[in-house]
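So the chains spell out like this:
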Amino acid sequence: MEKVLQLLQENARLSNEQIAVMLNRSTEEVAAAIDDYEKKGIICGYKPLINYEKAGIERASALIELRVTPRKDTGFDAIAEQIMSFEEVESLYLMSGSYDLAVTVNARTMQDIAVFVARRLAPIDGVLSTATHFILHRYKDASVSLQGEEIDEREEQV
Amino acid sequence: MIDYQSRMNREIQIIKPSAIRKFFDIASEMEDVISLSIGEPDFSTPWHIRQEGIRQLDKGRTHYSPNRGFSELRQELCRWFDRHYGVSYDPGTECLVTVGGSEAIDLCIRTLINPGDEVLIPEPSYVCYVPMTEMAEGVPVIMETKAKDHFRLTPEELLAHITPKTKLLILPYPNNPTGGVMRREHLEAIAKVVIDHDLLVLSDEIYGELTYGDAGHCSMVSIPGMRERTVVVNGFSKAFAMTGWRLGYAMGPKELIAAMTKLHQYVIMSAPTPSQYAAVEALRHGDGDIAYMREQYDMRRRLIVSELNRMGLTCFDPEGAFYVFPSIQKTGLSSDEFCEKLLYEEHVAVVPGTAFGACGEGFVRISYSYSIKHITEALRRIERFVKKYES
Ligand SMILES: Cc1ncc(COP(=O)(O)O)c(C=O)c1O
């Protein structure tokens, strides 16, 4: 039933009936599979993809690179948990390469983000440095183009 | 003032412009139109195939190719054909690379048909067979196929139309616009009649790779006795999403391929060179792409068939191509009225069944060569429309 995941990944609003028809399964089977995925935490949630620029809602985002000192007992985990708990944090990844943690942060304004970094992120024990990159424009998010629908350039022939 | 009309060839004056375009042209002037009318893949050509085309252009491969097509391509084609359909052809003499399946169909008809020869054409079907036959001064003889037979050609219908003048049967399966396919047993029944009456066959199998279900496409030339009396036409447009590369091919008895090549040599010279190189890549490494696209089409197909049947636009389970051909009887509208009202009232474009022959009346062609999102929105609008006209 991995196909269920693929279909939901593309469009989480497909009904169980529609998915069942497409995969030639029963609606009950699909419902059970989705239930199972949710219970096991494989499907962790469903959200709309909002184009805030279009909605006219003021919102700033930044990608912050953190270099941190891992702790002896817990490595990066304890610091990560602390950072995760901030509601401004959209995503948090442990990275290979020249820095350790990548944090994406959303807030109303750039000023708010600046304050967040200075007051909350940077002072955390073990954080060595922060590099904040503000996002200027989103072209594509979660595999979806935010540039509007692509125009279908196909021409009827005969 | 020159009266151009009267100076034109008699046949070209008879040929009607295709009716598929009619609503497309209106639709392209309208806002917020959602179309399910296009007859080509929505996928772009797979990346590695495009890349190979680009690489060859970079290398300056911009010249004519041999008339028949590059030998490397013909070899790959024959290998591919054997691997997929279990019939072997000689790349040197039995294979011709053309500008789309379209050219191969034209060459075959012109090579075989004398004025007055009858050409058997099942309808509803793709729109080029009748005008091409007319240009060759052949006589198109239409055989109606029916929804109750899943739009297959039956041996009875075929028999009923054979006369001493019959020369050629055109076999367009998997079928555009109905989605009907001929499985092995259906082809065998047709083959028996064809052999008994010593006919030739032009088998347009351009949608062969888009056959759904476990059995896969069965080529007419794999039926015993048919290889020697069939020209099979196929191409890259639908299987590999390569419509714009304009590449197809014909396989057949060497005498016929030689004659077709003669014509091809004078009217076309050779098929596009970069396309031929890209096609070699497609044949060598494209099986996975075909499987992927077929799976996507298949999911859309199930969805659209189920939804149309639910809303009372009944259709059988179409097992090939990327079209469904539902009956619109329930709305009490003619095919043309249905398409026109649907376009103006709900901004959805589909093609009237009559564009594919008079017996397409009472049906429309809906293409599912579109994203699921696009299809579901169009279906929502169609359902609202059908509710309004339900009698
Ligand atoms: C049944 C059928 N045959 C042949 C063709 C011609 O395709 P091409 O010339 O692109 O190979 C088409 C195109 O729509 C078709 O539907």
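Structural data are supplied above this passage.
Below you will find a few notes about this structure. (Residues numbered from 1 in each chain as written. Chains lettered and ligands numbered in written order. Predicted model: local features only at pLDDT ≥ 70, side-chain atom pairs only at ≥ 80, totals over all residues. Heavy atoms only, no water.)

**Considerations on the sheet that holds strand β3 (residues 101–107) of chain A**
To summarise the sheet geometry, strands pair through backbone hydrogen bonds and adopt either a parallel or an antiparallel arrangement.
Residue and element names in this part refer to chain A.
Point 1. Ordered by their spatial adjacency, four strands build an open sheet running β2-β3-β1-β4, and the pairing between neighbours is antiparallel. In the strand order of this sheet, the two ends are held by β2 (89–94) and β4 (127–134), each with one partner. Strand-to-strand, the axes of this sheet are offset by a mean angle of 20°, without reference to chain direction.
Point 2. Pairing of β2 with β3 involves five bridges; the strand directions are antiparallel. Counted as the bridge partner of Leu92 is Val103 from β3. (Pairing = 2+ DSSP bridges. Helix = DSSP H or I, 4+ residues; strand = E, 2+ residues; numbered from the N terminus. Axes fitted to C-alpha atoms, helices over the stretch in contact; angles between N-to-C directions.)

**Brief notes about the environment of B:Val233**
All names here are of chain B.
Point 1. Counting through the fold element by element, Val233 comes out in strand β7 (residues 230–235).
Point 2. Linking Val233 and Gly208, residues 25 residues apart in sequence, is a C-alpha distance of 10 Å.
Point 3. Those residues in contact with Val233, other than ones at most four positions away along the chain, are Gly101, Ala104, Ile105, Leu202, Ser203, Asp204, Glu205, Ile206 and Tyr249. (Contact = heavy atoms within 4.5 Å.)

**A closer look at the nonpolar core**
All names here are of chain B.
Point 1. Core analysis: the largest hydrophobic core is formed by 44 residues, its most contacted members being Leu36, Ile304, Leu308, Phe338, Val350, Ile366 and Ile382.
Point 2. Element by element, the count of residues in this core is highest for helix α14 (residues 372–389), at seven residues.
Point 3. Each of domain 1 (4–45 + 288–390) and domain 2 (47–286) gives at least three residues to this core.
Point 4. Beyond its immediate chain neighbours, meaning those up to four positions away, Ile382 contacts Leu36, Met311, Leu313, Leu342, Val348 and Ile366.
Point 5. Ranked by size, the runner-up nonpolar core spans 30 residues in total, among them Ile49, Phe70, Trp80 and Val232. (Core = buried A, V, L, I, M, F, W, Y, C linked by side-chain atoms within 4.5 Å. Buried < 20%, exposed > 50% of the residue type's maximum accessible area, 1.4 Å probe, protein only. Domains from an automatic or database assignment.)

**Let's talk about the site of the ligand**
Residue and element names in this part refer to chain B.
Point 1. The environment of the ligand is made up of 13 residues, and the closest members are Gly101, Ser102, Asp204, Ser237 and Lys238.
Point 2. With respect to the ligand, the side chain of Asn176 contributes an N or O atom lying 2.9 Å from an oxygen atom.
Point 3. One of the side-chain N or O atoms of Tyr207 is found 3.2 Å from an oxygen atom in the ligand.
Point 4. Here the ligand has 400 Å² of accessible area as a free molecule, and 93% of this is covered by the chains.
Point 5. No other element matches helix α6 (residues 100–112), which puts four residues into the shell around the ligand.
Point 6. When its residues are assigned to classes, the shell around the ligand shows five nonpolar, five polar and three charged. (Near = heavy atom within 4 Å. Polar contact = N/O pair within 3.5 Å; in protein donor to acceptor, adjacent residues only side chain to side chain. Areas by Shrake-Rupley, 256 points an atom, 1.4 Å probe, with all protein chains shown as cover. Nonpolar A, V, L, I, M, F, W, Y, C, P; charged D, E, K, R; others polar.)

**Considerations on unusual backbone geometry**
Point 1. Cis geometry is found at the peptide bond from B:Glu123 to B:Pro124, where omega equals 0°.
Point 2. Take B:Pro124: it is sitting in the loop between β3 (118–123) and α7 (129–135).
Point 3. Between B:Tyr173 and the following residue, B:Pro174, the backbone shows a cis peptide bond with an omega angle of -5°.
Point 4. Following the sequence through the fold, B:Pro174 ends up in the loop between β5 (166–171) and α9 (184–196).
Point 5. Here the phi dihedral of A:Asn24 falls at roughly 60°; this positive angle occurs in a residue that is not glycine.
Point 6. Secondary-structure assignment places A:Asn24 in the loop between α2 (16–23) and α3 (27–39).
Point 7. One non-glycine residue, B:Met269, lies in the positive phi region at around 75°.
Point 8. By the secondary structure assignment, B:Met269 is in the loop between α10 (254–267) and α11 (273–285).

**Comments concerning the sheet that holds strand β11 (residues 351–352) of chain B**
Residue and element names in this part refer to chain B.
Point 1. If you walk across this open sheet you meet the three strands as β9-β12-β11, and the pairing is antiparallel. In the strand order of this sheet, the two ends are held by β9 (323–324) and β11, each with one partner.
Point 2. Bridging between β11 and strand β12 (residues 364–367) involves two bridges; their strand directions are antiparallel. Paired with Pro352 across the two strands is Val364, which belongs to β12.

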